Amino acid sequence: MKILDGRWFAKQYHKWIKEEVETLYPKHGRRPGLGVILVGDNPASKAYISTKEKVAKKCGFEAFDQFLPATSTFEEVKEAIEKFNKNEKVDGILLQLPVPKGLDSNALISAINFKKDADGLHPINQGLLQRGDAKVKSCTPLGALKLIDLAYSEAEIGSELAREIPEKDLSGKLAAVIGRSILVGKPVASMLLERNATVIQAHSRTENVKDLCKSADIIIAAVGIPHLVKADWVKDGAIVIDVGINRIEDGSLTGDVDYESVASKCAAITPVPRGVGPMTVAMLMKNTLECYKGSFL
Ligand code: NAP
């Protein structure tokens with residue numbers, strides 16, 4: 001059984017991205033720029049922003065930030081987005097979600113120049129994903145797909161990898177996605193379809209989710225219910241990607257998959273934490289690099 005160590009895999013991406021940045025920087029005379037916007041002082045969001053800025057610097061990027069009070073109006077947040085839209089040093093813009101209640105996050109995401117949409121959540125980029133033409137794809141789903149590639153690869157987990165693992169054609173594979181959010185469930189299903197998998201998309205109104213999962217070669221859980229997926233939901237040899245991040249009573253983080261029981265049945269599984277989470281951040285950097293390269297075309 002392979003433990004899909006997202007922290008180690010993400011570090012490989014940081015290294016590959018940094019190498020590319022160091023070859024492009026002398027040619028273009030500036031580094032890729034990531035602009036982050038945080039509205040309010042949610043402690044979890046502050047921690048995410050600080051990690052993203054640290055990783056951006058590790059990848060050789062410049063990081064810019066704008067911190068706005070929780071009382072900011074829609075117009076004030078939009079103005080901050082416009083500032084980054086106009087700033088030629090900012091290639092990728094990240095609006096940290098969730099934004100405080102009362103602010104329309106969809107309208108704010110739509111205000112980001114789609115060419116600077118490092119999170120891949122702009123409606124144009126989501127539409128391009130449906131057509132198979134997206135240059136940037138939502139970070140968490142993209143990270144999940146990279147972990148599936150890792151699961152099918154011969155790569156030795158923990159050792160230094162020389163280059164990105166090739167994308168796996170998922171023809172003939174049945175994938176069960178649990179969850180249908182715009183952030184994770186829907187784009188991950190589109191990406192699996194793009195790779196030729198046959199996709200079941202389950203949600204809160206689906207009956208017999210367990211039975212649907214039992215025949216799947218790949219399960220992606222993106223629900224937000226601790227330990228929902230149990231060993232008897234999983235067929236022997238399946239690949240299990242746990243997107244869920246849930247804080248439980250003792251204060252620790254756990255996923256949507258009952259890791260202890262499921263791990264003994266599957267061929268590969270992501271832990272929580274240190275699975276999909278670090279890959280989400282690595283894909284944010286990959287997207288920012290794509291936006292940077294796109295700005296010189
Ligand atoms: P969300 O918007 O709340 O969506 C949850 C989805 O789960 C919905 O589609 C919902 O169905 C479905 N669902 C709820 N109960 C269900 C059940 N009993 N059986 C089957 N489906 C059920 O959440 P999200 O933004 O997609 O995030 C999901 C989880 O991933 C959360 O734990 C979140 O913290 C985590 N997350 C992690 C990362 C990362 O980087 N690792 C990034 C983003 C999110 P309906 O549509 O019918 O309501």
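Our structure is the block above this text.
Parameters at a glance
- The written sequence of each chain sets the order in which its residues are numbered from 1.
- In keeping with the model being predicted, local features are shown solely for residues with a pLDDT of at least 70 and side-chain atom pairs are shown and tallied solely at 80 or more, while totals for entire chains, interfaces and linings include all residues.
- Heavy atoms from the whole structure form the basis of all side-chain values; hydrogens and water molecules are not counted.
- Put simply, DSSP H or I for four residues or longer makes a helix, DSSP E for two residues or longer makes a strand, and each gets a number counted from the N terminus.
- Take the residue count of a helix, subtract one, and multiply by 1.5 Å to get its expected span.
- Summary of the burial criterion: residues with accessible area below 20% of their type's maximum are buried, those above 50% are exposed, and those between are partly exposed, where the area comes from a 1.4 Å probe applied to protein chains only.
- Picture the helix axis, draw a direction to every C-beta atom, and the arc is the one those directions span.
- Contacts are residue-level and defined by heavy atoms, with any inter-residue pair within 4.5 Å sufficient.
- In protein, a polar contact requires one atom able to donate a hydrogen and another able to accept it; more generally it is a pair of N or O atoms within 3.5 Å, and residues adjacent in sequence count only if both atoms are side-chain atoms.
- Any two strands with at least two DSSP bridges between them are considered paired.
- Handedness of a crossover: with both strands directed away from the viewer, a clockwise path from the first strand across the helix to the second marks it as right-handed.
- Only the six-membered ring of Trp is used, alongside the rings of Phe and Tyr, when aromatic pairs are assigned; centres must lie within 6.5 Å, and planes under 30 degrees apart are stacked while those over 60 apart are edge-to-face, with the rest tilted.
- Charges are assigned to positions over rings by a cutoff of 6 Å between ring centre and Lys NZ or Arg CZ, combined with an angular limit of 35 degrees from the ring normal.
- What counts as an axis is a line fitted to C-alpha atoms, over the stretch in contact for a helix, and the angles between N-to-C directions run from 0 to 180 degrees.

Asks: Give a description of helix α2 (residues 43-58) that names residues and reports values.
Replies: Note on helix geometry: an α-helix contains 3.6 residues per turn, so any two residues three or four positions apart are oriented the same way. Between its first and last C-alpha, α2 extends 23 Å over 16 residues, near the 22 Å set by a 1.5 Å rise per residue. Among the residues of α2, S45, I49, K52, E53, V55 and A56 are the ones counted as buried. Down the axis of α2, the buried side of the element spans an arc of 165°, and every buried residue falls inside it. Facing away from the buried side of α2, by more than 90 degrees, are the exposed residues P43, K54 and K57. Residues of α2 that are buried in the fold lie against α1 (6-28), β2 (33-39), β3 (62-68), β4 (92-95) and α10 (276-294). The backbone nitrogen of A44 lies 2.9 Å from a side-chain oxygen of the residue at the head of α2, namely N42. Positive backbone phi, approximately 85°, marks G60, located one or two places after α2.

Asks: Before we move on, could you go through the pairing of β2 and cite the residues and values that matter?
Replies: Counting buried residues in β2 gives seven out of seven residues, a clear majority hidden from the surface. Covered by surrounding structure in β2 are G33, G35, I37 and V39 together with L34, V36 and L38, the residues of both alternating faces. Relative to β3, β2 runs parallel, the two sharing seven bridges. Considered in β3, the bridge of V36 is made with D65. In terms of handedness, the path from β2 via α2 over to β3 forms a crossover that is right-handed.

Asks: I'd like to hear about the packing of aromatic side chains, residue by residue, with values.
Replies: Tallied over the entire structure, the rule returns four aromatic pairs. An angle of 85° between the planes, with centres 5.1 Å apart, marks the rings of Y292 and F296 as edge-to-face. Relative accessible area serves as the criterion here: at 0%, Y292 is assigned to the buried category. Here a set of aromatic residues connected by ring pairs shows up, and it is made of W8, F9, Y13 and W16. Between the NZ or CZ atom of R31 and the centre of the ring of Y25, over which it lies, the distance is 4.1 Å. When the ring centre of Y152 is taken as origin, the NZ or CZ atom of K168, which lies over that ring, is 5.0 Å away.

Asks: Give a detailed account of the sheet that holds β3, specifying residues and quantitative values.
Replies: Note on sheets: strands pair through backbone hydrogen bonds, and any given pair is parallel or antiparallel. What the three strands build is an open sheet, ordered β3-β2-β4; its pairing is parallel. Strand pairing shows two members of the sheet lacking a second neighbour, β3 and β4, which therefore form its edges. Shown here is a sheet whose adjacent strand axes are inclined to one another by a mean of 15°, direction ignored. In the sheet, β2 pairs with β4 via four bridges, with the strands oriented parallel. Counterpart to I37 in the pairing with β4 is L95. In the packing of helix α3 (residues 74-86) onto the sheet, the strands contacted are β2, β3 and β4, and the crossing angle to β3 comes to about 165°. Together, β2 and β4 form the strand contacts of α10, whose direction differs from that of β2 by roughly 125°.

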